[in-house]
Amino acid sequence: GTPCPVCGSAAHPAPATGTPGAAGLDQSFRAARSAHETASAAQHKAASEAAAAAALRDERAAALAALPPPPRALPEVQADLNRCRSDHAALGQMPGPDAAQDARARAASAARTSAETARQAATAAAEASRLAAAAAANHAARLDAVPEALRAPGALRRATEAASAEHTRLTRVRDAAEREERAAQTAQAAAIADARGAADALAAAEARQRSAEDAFASRLSQAGLTPERYRALGPAVAQLAETEARLAAHARDLHGAEGVLRAAEEDTKGLAAPDIDALEAAREAAEASATQAMQAAGRADTRREALDALDARLAETQARLDAEEAETGPLRGLAALTRGDNAARTRLDTFALGAMFDDVLAAANARLGPMTSGRYQLERALVRSGNAQRGLEIQAFDAFTGRPRPTGQLSGGETFIAALALALGLADVVQAQSGKVRLDTIFIDEGFGSLDAAGGAGTLGQVLDVLTGLVAENRAVGLISHVGLVQEMIPGGFSIETGPRGSRVVPRDR
């Protein structure tokens, strides 16, 4: 009922992480965010330019409105000026001024001055009109740079709100994924703690069993018994009642004998003295025999009590061991399964690594197929020999022969291609299953010399095409090679030249 500490799922198999096919989701998210940022920057720039153009237009409109309006239109003033010039030319050179002529001259001069003033006012009005027209043209030119969809009132605000809502949604998705990851880590830590607690309980039970065995051995030693002697006395425990009965009968017989002795003594009074020494010896012998019998009875009682107490403790210890064994049975069974004691002869860590390794091989085959023209596919060797456990061995399925072959039978170039495909597949799986990890750079040192270049490129060209595809996916690929064809295909490459004074970097001309 709890999530698995390996895959995070309560039903197997159901990995909780992504797949290599989802490796591009993070790149799509980054591309969407970059496009959103670019659009936001363009929006802010367009808004700034529009505001600047509007301010310039308002400033020039205000300057135009502040100018006094001309009393007459420019064409009318120009016509009066031309007419005055014509009248002045028609007057010609007068022979001599008189009062009338002076008056006419002053009137003409005044008219000319008035006309000049009107011309200057008309010129200023024309310049103001030209500036207003230029401002309007500049505003129209700046407005053309703004997208048509953003010119309408409120369109820019709606586009910004939509982009902000999409950013908020993506942020919530990312936060939910992080919360799920933390919950999985917590469940994994709890499962590890439970496993450690079970192991500690098992160790404590074993320690208690060893302690009980040591105590039992100590009690045997205190009773003067050895384990072999205790097992030999086992049948005597069942005969304790019979032995006690015999001892009681012996005591009664002894009491009767003593009564008979006293009666005999009464009967023998006045008679000749018997052989006292012999009788004393017989009495001592009888007392010694009685003493030995009593001592044997005492020892038997002590042993019986010790055996009864030992039997009770053994029964209690056995019951406790049975209860602990029944309680820890499922855990010990699970531990045996995880140690490889199962039908597949596979340990839990090997199974988990194998499941991830299958994803790595699937991602590696997506790279290996184009580099080998679809001939090879990597797969795990699942067939085991004898009772050996399954491992993580790799074999290459050859489409030409229709049979798998060990990787040790691959040529040098094929081994290099397989290793490169595995490295790229591992990078895809790690990036897909851990969104915070980015593996954007790969360095390849040599190995291209083992690839054939038949027809100008051959296998080498196929490998370089795959690496070029990685570059198209916004990954950086660094190659170190002495092969001329590889050097020609590396953009922005350089060479290392060595000399008596050391090595130096020489840029390659393109």
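Quick caveat: nothing in here was measured; it's all calculated off a predicted structure. (Residues numbered from 1 in each chain as written. Predicted model: local features only at pLDDT ≥ 70, side-chain atom pairs only at ≥ 80, totals over all residues. Heavy atoms only, no water.)

A.B. asks: With reference to specific residues and values, describe the overall build of the protein chain.
C.D. replies: Within the protein chain, the regular secondary structure consists of twelve helices and seven strands. Out of the 510 residues in the protein chain, the part that is buried amounts to 18%. A fraction of 60% describes how many contacts in the protein chain between residues 6 or more apart in sequence connect residues 24 or more apart. As displayed, the protein chain has an accessible area near 33900 Å², and 59% of this comes from carbon and sulfur atoms. (Helix = DSSP H or I, 4+ residues; strand = E, 2+ residues; numbered from the N terminus. Buried < 20%, exposed > 50% of the residue type's maximum accessible area, 1.4 Å probe, protein only. Contact = heavy atoms within 4.5 Å. Areas by Shrake-Rupley, 256 points an atom, 1.4 Å probe, with all protein chains shown as cover.)

A.B. asks: Which residues make up the packing of helix 9 (residues 348-371) against helix 10 (residues 412-433), and what values go with them?
C.D. replies: At a minimum axis separation of 7 Å, helix 9 and helix 10 run at an interaxial angle of 130°. Considering their axes alone, helix 9 and helix 10 lie oblique with respect to each other. The two elements helix 9 and helix 10 meet at a crossing, and its hand is right-handed. Packed against helix 9, whose contacting residues are Met-356, Asp-359, Val-360, Leu-361, Ala-363, Ala-364, Arg-367, Leu-368 and Met-371, the element helix 10 presents Ile-417, Ala-418, Leu-420, Ala-421, Leu-422, Leu-424, Gly-425, Leu-426, Asp-428, Val-429 and Gln-433 at the interface. Within the contact of helix 9 with helix 10, the residues separate by chemical class into 15 nonpolar, two polar and three charged. (Axes fitted to C-alpha atoms, helices over the stretch in contact; angles between N-to-C directions. Parallel < 35°, antiparallel > 145°, perpendicular 65-115°, else oblique. Left-handed = near helix turned anticlockwise from the far one by under 90°. Nonpolar A, V, L, I, M, F, W, Y, C, P; charged D, E, K, R; others polar.)

A.B. asks: Would you mind going over the environment of Glu-37 in detail, with residue names and values included?
C.D. replies: Inspection of the secondary structure puts Glu-37 in helix 1 (residues 23-66). What makes Glu-37 partly exposed here is its relative accessible area of 48%. Separated by 126 residues in the primary sequence, Glu-37 and Ala-163 place their C-alpha atoms 9.3 Å from one another.

A.B. asks: Provide a residue-level description of unusual backbone geometry, including the pertinent values.
C.D. replies: For Ser-373, which is not a glycine, the phi torsion comes out positive at approximately 55°. Structurally, the position occupied by Ser-373 is in the loop between helix 9 and strand 1 (376-380). Classification of Ser-373 by relative accessible area gives exposed; the value is 56%.

A.B. asks: An account of the side chain of Asn-365 is requested, with residue identities and associated values reported.
C.D. replies: One can find Asn-365 in helix 9. Other than its neighbours up to four places away in sequence, Asn-365 contacts Gln-377 and Leu-378.

A.B. asks: Describe in detail helix 8 (residues 276-338), supporting the description with residues and values.
C.D. replies: For helix 8, which comprises 63 residues, the first-to-last C-alpha distance of 87 Å matches the rise-based estimate of 93 Å (1.5 Å per residue) to within 8%. Most pronounced at Gly-329, the bend in helix 8 amounts to some 45°, and the proline Pro-330 follows within four residues. Buried residues of helix 8: Ala-290, Ala-297, Leu-307, Leu-310, Thr-317, Glu-324, Thr-328 and Ala-336, and no others. (Expected span 1.5 Å × (residues − 1). Bend = angle between axes of the 7 residues up to and from the residue.)

A.B. asks: With reference to specific residues and values, describe a nonpolar patch on the surface.
C.D. replies: Taken together, Leu-426, Val-430, Val-437 and Leu-439 make up a surface patch of nonpolar side chains, about 260 Å² in accessible area. Checked against the element boundaries, Leu-439 lands in the loop between helix 10 and strand 4 (441-445). (Patch = residues over 30% accessible without salt bridge, like charges linked within 9 Å, V, L, I, M, F, W, Y side chains within 5 Å. Salt bridge = Lys/Arg side-chain N within 4 Å of Asp/Glu carboxyl O.)

A.B. asks: Tell me about the packing of helix 7 (residues 240-267) against helix 8, and name the residues and values.
C.D. replies: With their axes 11 Å apart at the nearest point, helix 7 and helix 8 run at an angle of 155° to one another. If you check the angle between helix 7 and helix 8, you find them roughly antiparallel. With respect to the hand of their crossing, helix 7 and helix 8 are arranged in left-handed fashion. In this structure, helix 7 uses Leu-240, Glu-244, Leu-247, His-250 and Leu-254 to contact helix 8, whose residues at the interface are Ala-290, Ala-293, Ala-297, Ala-300, Asp-301 and Arg-304.

A.B. asks: How would you sum up the confidence of the model for the protein chain? Please name residues and give values.
C.D. replies: With 77% of its residues at a pLDDT of 70 or more, the protein chain shows a mean pLDDT of 76. Within the protein chain, the lowest mean pLDDT, 65, falls on helix 3 (residues 99-144), and the highest, 88, falls on helix 8. (pLDDT = per-residue confidence, 0-100.)

A.B. asks: I'd like a description of the nonpolar core, backed by residues and values.
C.D. replies: As a rule of thumb, soluble globular proteins bury nonpolar side chains together. If you look at the biggest cluster of nonpolar residues, it comprises 28 residues, and the most contacted ones within it are Met-371, Leu-420 and Leu-467. Those elements that provide at least two residues to this core are helix 9, strand 1, helix 10, strand 4 and helix 11 (458-472). (Core = buried A, V, L, I, M, F, W, Y, C linked by side-chain atoms within 4.5 Å.)

A.B. asks: Help me get a handle on the sheet that holds strand 1, residues and values and all.
C.D. replies: Spatial ordering of the open sheet is given by 1-2-3, a layout of three strands whose pairing is antiparallel. The open sheet has two free edges, formed respectively by strand 1 and strand 3 (403-406), since each of these has just one partner strand. Neighbour-to-neighbour, the strand axes of this sheet turn through a mean angle of 40°, independent of strand direction. One ladder, built from five bridges, connects strand 1 with strand 2 (residues 394-398); its direction is antiparallel. Paired with Gln-377 across the strands is Phe-397, a residue of strand 2. (Pairing = 2+ DSSP bridges.)

A.B. asks: Residue-level account of helix 9, with values.
C.D. replies: Its 24 residues give helix 9 an end-to-end C-alpha distance of 34 Å, which sits within 8% of 34 Å, the value for a rise of 1.5 Å per residue. The sharpest bend along helix 9 comes to roughly 30°, located at Asn-365. Taken as a whole, helix 9 has its buried residues at Thr-350, Gly-354, Phe-357, Val-360, Leu-361, Ala-363, Ala-364, Asn-365, Arg-367, Leu-368, Gly-369 and Met-371. Positioned one or two residues after helix 9, Ser-373 has a phi angle of 55°, which is positive.

A.B. asks: Quick rundown of the environment of Ala-205? Include the residues and the values.
C.D. replies: Among the secondary structure elements, Ala-205 is positioned in helix 4 (residues 155-222). Among the residues examined, Ala-205 registers a relative accessible area of 12% and is labelled buried. Measuring from C-alpha to C-alpha, the distance between Ala-205 and Glu-325 comes to 8.8 Å, with 120 residues separating the pair along the chain.

A.B. asks: With reference to specific residues and values, describe the environment of Arg-508.
C.D. replies: Tracing the sequence through the fold places Arg-508 in the segment after strand 7 (502-507). When its relative accessible area of 24% is taken as the criterion, Arg-508 is described as partly exposed. A sequence separation of 15 residues divides Arg-508 from Gly-493, and the C-alpha atoms of the two residues are 6.1 Å apart. Ignoring sequence-local partners within four residues, the contact set of Arg-508 consists of Gln-487, Ile-490, Pro-491, Gly-493 and Phe-494.

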